[in-house]
Each structure stands twice: as C-alpha cells, then as structure tokens.
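What follows is each chain in one-letter form.
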Amino acid sequence: MSALRARVDADKCIACGLCIEVCPAVFEAEDDGRAVVRIAAVPAEEHDACRDAAAQCPVEAIIVEQSDD
C-alpha cells in the first residue's frame, strides 16, 4: 500500500508559518518557528491540504513523496 509522507528541509525553511496554516494536522512549529512534520504518514483526508502546503511554500522547503510502506 502506498503512503504519502512529508518532510521539511530545515535549511530552507524561513518560518513563515504558511504550511501550518494550510495543513495543521501535518505541520507544526519548532521553538525557533521553523516547521516540522507532526506525523510520519499523512492521513488520506489530509493529502490535498499537505500537497497544497508544499505548493504554497515560498522557499520550496516541503517535500511530499509517495512511499511503499
């Protein structure tokens, strides 16, 4: 079964918070404001929001991938 996974490139993240606004079920802020992924596998009902967050990231710090887990 294919799963959707997200990750944040911490070196690119500028802590704008957009991903957290768009998809709070998947993304949260660290103490420094940078985004991190809250959950390993993105729930099916959050796939669209997660992809939208990645598309809207102004520095392309969010990577969304299908995995075969």
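So, here's what we can say about the structure. (Residues numbered from 1 in each chain as written. Predicted model: local features only at pLDDT ≥ 70, side-chain atom pairs only at ≥ 80, totals over all residues. Heavy atoms only, no water.)

1. Considerations on the overall build of the chain
Consideration 1: For the chain, the helix and strand inventory stands at two helices and five strands.
Consideration 2: When its helices and strands are written in sequence order, the chain yields β-α-β-β-β-α-β.
Consideration 3: Reported as C-alpha extents along the three principal axes, the dimensions of the chain are approximately 35 × 20 × 20 Å.
Consideration 4: In the chain, buried positions account for 29% of the 69 residues. (Helix = DSSP H or I, 4+ residues; strand = E, 2+ residues; numbered from the N terminus. Buried < 20%, exposed > 50% of the residue type's maximum accessible area, 1.4 Å probe, protein only.)

2. A look at the nonpolar core
Consideration 1: Grouped together as the largest cluster of nonpolar side chains are 17 residues, with contacts concentrated most on Val 8, Cys 23, Val 26, Phe 27, Cys 50 and Ile 62.
Consideration 2: Contributions of two or more residues to this core are made by strand 1 (3–8) and helix 2 (47–56).
Consideration 3: Top contributing element to this core by residue count: helix 2, with four residues.
Consideration 4: Those residues in contact with Cys 50 that lie beyond four places of it in its chain are Ala 6, Cys 23, Val 26, Phe 27, Val 42 and Val 64. (Core = buried A, V, L, I, M, F, W, Y, C linked by side-chain atoms within 4.5 Å. Contact = heavy atoms within 4.5 Å.)

3. A few points about the side chain of Ser 67
Consideration 1: Note on placement: Ser 67 falls in strand 5 (residues 62–67).
Consideration 2: Using a relative accessible area of 16% as the deciding quantity, one classes Ser 67 as buried.

4. A closer look at the environment of Glu 30
Consideration 1: Note that Glu 30 resides in the loop between strand 2 (27–29) and strand 3 (35–37).
Consideration 2: When the C-alpha positions of Glu 30 and Cys 57 are compared, they lie 17 Å apart, and in sequence the two are 27 residues distant.

5. Examining empty space enclosed by the protein
Consideration 1: Scanning all chains against the criterion turns up one cavity of 30 Å³ or more.
Consideration 2: Around the largest cavity sit 18 residues that line it, and Cys 13, Cys 16, Cys 19, Ala 35 and Cys 57 are the ones nearest its centre.
Consideration 3: Elements with a contribution of two residues or more to the lining of the largest cavity: helix 1 (18–22) and helix 2.
Consideration 4: No other element matches the three residues that helix 1 contributes to the lining of the largest cavity. (1 Å grid on protein atoms, 1.4 Å probe; cavity = no way out; pocket = protein on both sides within 12 Å on 5 of 7 lines; lining within 4 Å. Points joined across faces, edges and corners; volume = space filled by probe spheres on them.)

6. Focus on the environment of Val 64
Consideration 1: Within the secondary structure, Val 64 is located in strand 5.
Consideration 2: When its relative accessible area of 26% is taken as the criterion, Val 64 is described as partly exposed.
Consideration 3: Residues Val 64 and Val 42, spaced 22 residues apart in sequence, show a C-alpha to C-alpha distance of 9.5 Å.
Consideration 4: For Val 64, the contacting residues outside a window of four places in its chain are Leu 4, Arg 5, Ala 6, Cys 50, Arg 51 and Ala 54.

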